[in-house]
Amino acid sequence: VHNGTGNTQYSGQVTLGSTQSGSSYNLTDAGRGNHRTNNLNRGTSGTGTLFSGTDDVWGNGQPANTETAGADAAYGAGATWDYFKNVLGRNGIRNDGVGAYSRVHYGNNYSNAFWTDSCFCMTYGDGAGNAKPLTSIDVAAHEMTHGITSVTAGLVYSGESGGLNEATSDIFAAAVEFHANNAQDLGDYLVGEKIDIRGNGTPLRYMDKPSRDGSSKDAWYSGIGGIDVHYSSGPANHWFYLASEGSGAKTLNGVSYDSPTSDGLPVTAIGREKAALIWYKALTTKFTSTTNYAAARTGTIAVATELYGANSAEVAGVTNAWAGVNVGA
Ligand code: ASN
Ligand code: ZN
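Per an unreviewed UniProt entry, the protein chain goes by Neutral metalloproteinase and derives from Streptomyces amakusaensis.

Enquirer: Explain the sheet that holds strand β8 (residues 57–58) residue by residue, including any values.
Expert: The strands making up a sheet are joined through hydrogen bonds of the backbone, oriented either antiparallel or parallel. Read across the open sheet, the 5 strands follow the order β7-β3-β2-β1-β8; overall the sheet is mixed. Of all the strands in the sheet, the pair left with one neighbour each is β7 (52–53) and β8. Relative to strand β2 (residues 13–21), strand β1 (residues 2–7) runs antiparallel, the two being bridged by 6 bridges. Pairing of Gly6 across the sheet is with Val14, part of β2. Running at roughly 95° to β2, helix α1 (residues 66–86) makes contact with β1, β2 and β8 of the sheet.

Enquirer: With reference to specific residues and values, describe the site of ligand 1.
Expert: Residues in close proximity to ligand 1 include Asn112, Ala113, Phe114, His142, Glu143, His146 and Glu166, which together make up its full environment. Of all the secondary structure elements, the ones that give two or more residues to the shell around ligand 1 are β10 (113–116) and α2 (137–151). Considering every element that reaches the shell around ligand 1, the biggest residue donor is α2, with 3 residues. Looking at the shell around ligand 1, its residues break down into 2 nonpolar, 3 polar and 2 charged.

Enquirer: Mind laying out the confidence of the model for the protein chain, listing which residues take part and the relevant values?
Expert: On average, the protein chain scores 98 in pLDDT, and the residues at 70 or more come to 100%. Per the prediction output, this complex has pTM 0.98; the corresponding ipTM is 0.96.

Enquirer: Kindly report on α1, identifying the contributing residues and their values.
Expert: Relative to the 30 Å expected for 21 residues at 1.5 Å per residue, α1 spans 31 Å between its end C-alpha atoms, a close match to the ideal helical length. Here α1 lies mainly inside the structure; 17 of its 21 residues are buried.

Enquirer: Give me the domain arrangement of the protein chain: which residues, what numbers.
Expert: On domain assignment, one finds that the protein chain holds domain 1 (2–151) and domain 2 (159–324). Distance from the C-alpha centre of domain 1 to the C-alpha centre of domain 2: 25 Å. Each partner contributes to the interface: domain 1 provides 24 residues, whereas domain 2 provides 26 residues. Those elements that place two or more of their residues in the side of domain 1 that touches domain 2 are α1 and α2.

Enquirer: So what about the packing of helix α3 (residues 159–180) against helix α6 (residues 272–285)? Which residues, and what values?
Expert: One can describe the packing of α3 onto α6 by two numbers: an axis separation of 11 Å at closest approach and a directional angle of 140°. Taken together, the axes of α3 and α6 lie oblique to each other. Every pair of crossing elements has a handedness; the one defined by α3 and α6 is left-handed. Contacts between α3 and α6 involve Thr168, Ile171, Ala175 and Phe178 from the first element and Arg272, Ala276, Trp279 and Leu283 from the second.

Enquirer: Can you explain the pairing of strand β9 (residues 101–106)? Please cite residues and give values.
Expert: Along any regular strand, the residues point their side chains to alternate faces of the sheet. For β9, the buried fraction is high: 6 of the 6 residues fall into the buried class. Direction of pairing for strand β5 (residues 35–39) relative to β9: parallel, over a ladder of 4 bridges. Looking at the pairing, Thr37 lines up with Ser102 of β9. Pairing of β9 with strand β11 (residues 121–125), which is carried by 4 bridges, proceeds in the parallel orientation. Opposite Tyr106, over in β11, you have Gly125 as the bridge partner.

Enquirer: So what's going on with α2? Residues and values would help.
Expert: Counted at 1.5 Å a residue, the expected span for α2 with its 15 residues is 21 Å, and the 22 Å between its end C-alpha atoms agrees. Most of α2 is tucked away, with 13 of its 15 residues classed as buried.

Enquirer: Describe unusual backbone geometry, and please don't skip the residues or the numbers.
Expert: Despite not being glycine, Asn95 has its phi angle at roughly 60°, a positive value. Inspection of the secondary structure puts Asn95 in the loop between α1 and β9. Residue Asn95 is classed as partly exposed on the basis of its C-beta count, with 16 C-beta atoms lying within 10 Å. You will see that Asn181, though not glycine, has its phi angle at about 50°, which is positive. We classify Asn181 as exposed; it has 11 C-beta atoms within 10 Å.

Enquirer: Quick one: what's the story with the pairing of β1, residue by residue and with numbers?
Expert: If you look at the hairpin formed by β1 and β2, you'll find 5 residues sitting between the two strands, and Gly12 has a positive phi there, around 70°. Of the strand pairs in this sheet, β1 and β8 are connected by 2 bridges, and their pairing is parallel. Of the residues in β8, the one forming a bridge with Gly6 is Trp58.

Definitions and cut-offs
Counting restarts for each chain: residues are numbered from 1 in the order of the written sequence. Chain letters and ligand numbers both follow the written order, the letters beginning at A and the numbers at 1. Only residues with pLDDT of 70 or above have their local features reported here, since the model is predicted, and side-chain atom pairs are shown and tallied only from 80 upward, although totals for entire chains, interfaces and linings are computed over all residues. A pair of strands counts as paired when DSSP detects no fewer than two bridges linking them. Counting from the N terminus, the helices are DSSP H or I runs at least four residues long and the strands are E runs at least two residues long. By definition, residue pairs are in contact when their C-beta atoms, positioned from the backbone, come within 7 Å. The angle between two axes is taken between their N-to-C directions and runs from 0 to 180 degrees, where each axis is a line fitted to C-alpha atoms and a helix contributes only its stretch in contact. Any residue whose backbone-placed C-beta atom lies within 6 Å of a molecule or strand is treated as near that molecule or strand. Lys, Arg, Asp and Glu make up the charged group, whereas Ala, Val, Leu, Ile, Met, Phe, Trp, Tyr, Cys and Pro make up the nonpolar group; the residues left over, Gly among them, are polar. Note on scores: pLDDT gives the predictor's confidence for each residue, bounded by 0 and 100. Expected helix span is taken as 1.5 Å per residue step, with the number of steps being one fewer than the number of residues. Here exposure depends only on C-beta density: within 10 Å of a residue's C-beta, 20 or more other C-beta atoms make it buried, 12 or fewer make it exposed, and intermediate numbers make it partly exposed, the C-beta atoms being placed from the backbone. Note that domain bounds follow an automatic or database assignment of domains. Orientation categories follow fixed angle ranges, with anything under 35 degrees roughly parallel, anything over 145 roughly antiparallel, 65 to 115 roughly perpendicular, and all other angles oblique. Each crossing gets its handedness from the near helix: less than a right angle anticlockwise from the far helix is left-handed, clockwise is right-handed.

Structure representation (structure tokens):
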């Protein structure tokens with residue numbers, strides 16, 4: 001296992017896993033299943049070219065340097081790998097120790113990132129207008145988590161299961177960002193705050209009160225399965241915030257949150273680590289491709305009961321957080 005130096009745009013100077021090949025190095029992370037980071041060089045198809053060079057220093061912190069997006073993407077993939085392995089005991093996306101790969105510099109002025117099952121890879125655009133490259137830790141974790149959801153519950157990407165699929169990616173995006181504890185990009189319950197996708201400084205999504213984005217829903221309602229999955233994710237994202245941090249106003253790592261409940265009743269926090277563990281175990285042992293909000297409630301309460309007991313504070317917190325987003329018995 002060889003370590004290079006990444007000069008990222010969003011996370012400062014970091015250590016990146018690299019591989020030596022003759023007199024040069026490449027961005028193959030041998031310590032993380034040989035996860036590779038490739039350059040699409042504005043193309044929109046194919047695997048791209050593995051980043052390689054002679055100095056084992058990747059990027060200079062500026063987006064104009066071609067390697068910088070590669071350094072960010074490699075760092076985010078590594079942070080996600082480490083979180084799932086060290087915290088949740090999952091060894092890679094398929095739990096088989098095998099890495100995926102990342103493709104950066106997708107197309108021109110492309111303001112999105114995505115996971116693709118067929119290539120077992122994730123892809124990042126450089127952003128259009130004011131939007132910056134989509135390579136922050138939380139976006140990387142969001143996309144990589146789509147791979148995990150795909151090979152576990154397989155939540156169908158439409159209707160309520162689609163919202164739960166999206167929320168799973170946002171939940172672990174937050175969990176990974178907190179766990180990475182990078183001084184330049186501390187954890188928060190915002191998604192993609194570094195990208196400035198709208199050019200007005202707002203994040204893509206808010207988990208404390210999802211409706212802050214103008215489109216996402218704070219609470220479940222009959223018919224929520226008919227809206228875009230990035231908006232029907234709102235109640236589950238809000239559930240995660242409520243279970244993790246409890247209801248009410250709070251400031252954490254300099255970010256202020258406001259998390260009212262739909263029933264007006266308070267929720268007592270069980271903590272982020274337990275909330276994420278419960279979601280992970282529900283995803284991997286309870287959820288199926290057609291799980292809806294009611295079934296997500298049942299599954300997470302079942303997991304909390306198995307882990308902590310029926311009369312535990314954890315079961316109460318999970319149950320009350322669901323009530324707080326209008327998912328009841
Ligand atoms: N970035 C988006 C996502 O991962 C792409 C999409 O709409 N699937 O959710
Ligand atoms: Zn997504």
